[in-house]
Amino acid sequence: MMTAKRIKTLTAVLVLASLLAGCTTDKANNNADTPVTLKVMYYDEGAFFEDYGMLFSALHPEVEIEVISTRALRHEEGKDMDEEMIKFIEENKPDVLMLSPSQFTKLARDGKLLELDHRVEEKDFRKEGLLPGLLDYMREMGGGKLYGLIPYYDSQVLFYNKDLFEKYSVEPPRDKMSWEDVFRLAAMFPTDGEGNDRVYGLSLGYGYDLFSLGSLIAHTYNLKILNPQTQQVTIHSESWKKVYEMAQKALQEGYIYRDNPYEKLSGEITFEDHILMDPFVGGKVAMATGSYYMIEQIKRAREAVPDRAVKNWDIVTMPVDPMNPDYSPHVSLWDIFAISSSAAEADAAWKFVKYIHSDEYARVTSKRQRGGIPVRTQYLKDNEGHNIAAFYALRPSPSSLETLYEGVPNEFWMNFYSLASQELKEVEEGRKTVSEALDSLQIKAQEALVQAHLKKESEPSSS
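Residues numbered from 1 in each chain as written. Predicted model: local features only at pLDDT ≥ 70, side-chain atom pairs only at ≥ 80, totals over all residues. Heavy atoms only, no water.

A closer look at the overall build of the chain
Then step 1. A count of helices and strands for the chain gives 16 helices and 17 strands.
Then step 2. Sorting the 463 residues of the chain into buried and exposed places 49% on the buried side.
Then step 3. Contacts in the chain between residues far apart in sequence, at least 24 positions, make up 77% of those at least 6 positions apart.
Then step 4. When the accessible surface of the chain is split by element, carbon and sulfur atoms take 49% of a total near 23,100 Å². (Helix = DSSP H or I, 4+ residues; strand = E, 2+ residues; numbered from the N terminus. Buried < 20%, exposed > 50% of the residue type's maximum accessible area, 1.4 Å probe, protein only. Contact = heavy atoms within 4.5 Å. Areas by Shrake-Rupley, 256 points an atom, 1.4 Å probe, with all protein chains shown as cover.)

Some thoughts on the environment of Tyr417
Then step 1. Within the secondary structure, Tyr417 sits in helix H15 (residues 410–428).
Then step 2. Judged by its relative accessible area of 41%, Tyr417 falls in the partly exposed class.
Then step 3. Between the C-alpha atom of Tyr417 and that of Ala445, which follows or precedes it by 28 residues, the distance is 9.4 Å.

Quick notes on unusual backbone geometry
Excluding glycine, residues mostly have negative phi values, and the peptide bonds linking residues are mostly trans.
Then step 1. Backbone geometry at Lys176 places phi at a positive 60°, although glycine is not the residue there.
Then step 2. By secondary structure assignment, the location of Lys176 is in the loop between helix H6 (162–167) and helix H7 (179–186).
Then step 3. A positive phi angle, near 50°, is found at Asp335, a position not held by glycine.
Then step 4. Look at Asp335 and you get buried, because its relative accessible area is 14%.

Observations concerning empty space enclosed by the protein
Then step 1. Here the structure, examined in full by the defined rule, presents one cavity of 30 Å³ or more.
Then step 2. Each pocket or cavity is described by its volume, and for the largest cavity that value is around 40 Å³.
Then step 3. Around the largest cavity, the lining residues are Pro151, Tyr152, Ile356, His357, Ser358, Tyr361, Ala362, Pro374, Val375 and Arg376. (1 Å grid on protein atoms, 1.4 Å probe; cavity = no way out; pocket = protein on both sides within 12 Å on 5 of 7 lines; lining within 4 Å. Points joined across faces, edges and corners; volume = space filled by probe spheres on them.)

Some points on the sheet that holds strand E7 (residues 200–203)
Whenever strands of a sheet pair, they do so through backbone hydrogen bonds, lying parallel or antiparallel.
Then step 1. Strand order in the open sheet formed by five strands is E10-E7-E11-E6-E12, and the pairing between neighbours is mixed. Looking at the sheet topology across the chains shown, the edges are occupied by strand E10 (256–257) and strand E12 (313–317).
Then step 2. In this sheet, E10 lies alongside E7 in parallel orientation, the contact comprising two bridges. Looking at E10, one finds that Ser203 is bridged to Tyr257.
Then step 3. Contacts between H7 and the sheet are confined to strand E6 (157–161), E7, E10 and strand E11 (285–290), with E7 contributing the most and set at about 145° to the helix. (Pairing = 2+ DSSP bridges. Axes fitted to C-alpha atoms, helices over the stretch in contact; angles between N-to-C directions.)

Observations regarding the pattern of salt bridges
Then step 1. Taken as a whole, this structure holds 25 salt bridges when the rule is applied.
Then step 2. One salt bridge connects Asp44 with Arg71, and the closest N-O pair in it is separated by 3.7 Å. Highlighted residues: Asp44 in the loop between strand E1 (36–42) and helix H2 (45–59) and Arg71 in the loop between strand E2 (63–69) and helix H3 (81–92), separated in sequence by 27 residues.
Then step 3. A salt bridge links Asp347 to Arg119, with the nearest nitrogen and oxygen atoms 4.0 Å apart. Placement of the pair is Asp347 in helix H13 (residues 346–356) and Arg119 in the loop between helix H4 (101–109) and helix H5 (134–141), with a sequence separation of 228 residues.
Then step 4. Relative accessible area serves as the criterion here: at 59%, Asp347 is assigned to the exposed category.
Then step 5. Relative accessible area serves as the criterion here: at 13%, Arg119 is assigned to the buried category. (Salt bridge = Lys/Arg side-chain N within 4 Å of Asp/Glu carboxyl O.)

Quick look at the packing of helix H8 (residues 210–220) against helix H9 (residues 238–253)
Then step 1. Contact geometry for H8 and H9: axes closest at 9 Å, N-to-C directions at 125°. Between H8 and H9, the angle falls in the class oblique. The way H8 lies across H9 gives a crossing that is right-handed. Two secondary-structure elements touch here, H8 through Leu210, Phe211, Leu213, Gly214, Ser215, Ile217 and Ala218 and H9 through Trp240, Val243, Tyr244, Met246, Ala247, Gln248, Ala250 and Leu251.
Then step 2. Each residue belonging to the contact of H8 with H9 can be placed in one class, and the counts come to twelve nonpolar, three polar and no charged. (Parallel < 35°, antiparallel > 145°, perpendicular 65-115°, else oblique. Left-handed = near helix turned anticlockwise from the far one by under 90°. Nonpolar A, V, L, I, M, F, W, Y, C, P; charged D, E, K, R; others polar.)

Thoughts on the sheet that holds strand E16 (residues 373–374)
Then step 1. Spatially, three strands are ordered E14-E5-E16 in an open sheet, and the strand pairing comes out antiparallel. Here the strands that pair on one side only, and so sit at the sheet edges, are strand E14 (331–333) and E16.
Then step 2. One ladder, built from two bridges, connects strand E5 (residues 152–155) with E16; its direction is antiparallel. Following the sheet pairing, Tyr152 is matched in E16 by Pro374.

Examining the packing of aromatic side chains
Then step 1. This structure, assessed with the given rule, holds 31 aromatic pairs.
Then step 2. Aromatic side chains Tyr42 and Tyr52 sit 5.8 Å apart centroid to centroid with 90° between the ring planes, which places their arrangement in the edge-to-face category. Here Tyr52 lies in helix H2 and Tyr42 lies in strand E1, a separation of ten residues in the sequence. No difference in accessibility class separates Tyr42 from Tyr52, as the two residues are buried.
Then step 3. Where Phe48 meets Phe352, the ring centres are 5.7 Å apart and the plane angle is 40°; that geometry is what we call tilted. One end of the pair, Phe48, is in helix H2; the other, Phe352, is in helix H13, and 304 residues separate them in sequence.
Then step 4. Taking relative accessible area as the criterion, Phe48 reaches 0% and is therefore assigned buried.
Then step 5. An aromatic cluster is defined as three or more aromatic residues linked by ring pairs; in this entry it consists of Tyr42, Tyr43, Phe48, Phe49, Tyr52, Phe56, Phe337, Phe352, Tyr355 and Tyr361. (Phe/Tyr/Trp six-rings, centres within 6.5 Å; stacked < 30°, edge-to-face > 60°.)

Concerning the side chain of Thr289
Then step 1. Within the element layout of this structure, Thr289 appears in strand E11.
Then step 2. Among residues more than four places away in sequence, those in contact with Thr289 are Gln156, Val157, Leu158, Ser203, Leu204, Met294 and Met318.

Examining the pairing of E5
Then step 1. Because side chains alternate across E5, one face comprises the buried residues Tyr152 and Asp154, and the other comprises Tyr153 and Ser155, equally buried.
Then step 2. Summarising the sheet, E5 and E14 pair through three bridges and their orientation is antiparallel. Bridge pairing in E14 links Asp154 to Ser332.

Here's the deal with the confidence of the model for the chain
Then step 1. For the chain, per-residue confidence averages 87 on the pLDDT scale, and residues scoring 70 or more make up 87% of the total.
Then step 2. Note that pLDDT drops below 50 for residues 1–32; the model gives that stretch 32 contacts with residues more than four away or on any other chain. (pLDDT = per-residue confidence, 0-100.)

Put into structure tokens, the structure is as follows:
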């Protein structure tokens, strides 16, 4: 007996099938294919069919999809969730896996994933249309071979208010600037005025202090907190010192927006208050870092409060390391789709993975706001002439690989962030120089690393 949920899903599939008739390359032969059941790992069944399953099923009725939901997995204190996920996979044996970067790397290293290098060479896959650098990045994560693909990504860019740049006769920003360039432009805007008359040169989000701003800059320049081979903390180098002194100067000059606007509100918050909460959207900031979602915020604000929202704007890439100007650590990749090396239906699994990374899928879903940008970047459209290419002009940086510090205990990172925040707060309060704070942090962090390793070694094995 069909459930109401199943009937609803089947109805949607049939509607989609009629809408999409004639727009795929191999549908005509589908009915002749042998029916198979494909086991796909995902958050839950409803989300899977909404995100991917209905479209795929409409085009491939010969493939019956069984969703292996991971909702039952819950984070528990003391448990390694990557290991729990790997156990879940071993028990349920899905054909298609949806993995985090760290899970993906472990399974690829252990030979648990199907190699895809020769499959992406298929002519109709059109690998040249993917986000530049994506395949290289995925091969690096896989130890030199391609084991997974990602249908969506996100990328930070630098928005700028063209009206404010014109009003104050400041040179507009450009692609691939350094952080020094961005701070130089931001410093050219006034730092006086109050309330609605106050203009800021730059917004990076809420709550930026010396530690977080310096860390953001250091991330761009690929500076390492420690050497993963020697397990030596490296925070007191000249490069780190230069970065934090740059951040200290930027904060002292007062052109960075640092307020939390929610703290200034009292009473009932109106829709207009909420939609203008972002200072860039509200026209108070000359430049601001943001994701693709900010474009939607701007559109809504211009419809709701056109007299107060930013009017003329554009975007450029995030600041880059001048030594590596084509790469950015601010490109975020998640939800990696891979095929189990022991998949019972490997061909059907590739048919699914291939489709959700195809031109056809990107074209059909490109108008849907799903929280990410399709890796088929030609379908990222803008009708107002903005520099939309800034979202995909930079390649994902190898420095953003999550496996960089593999083996470093989590407890160390918690202690490090606390120690670093305390030391650099003393710099902001004038009690230490940057050099003194980093020298002190080096000693304390190294001791914290040693202690974290000793504690981890003394803990009983979870196996």
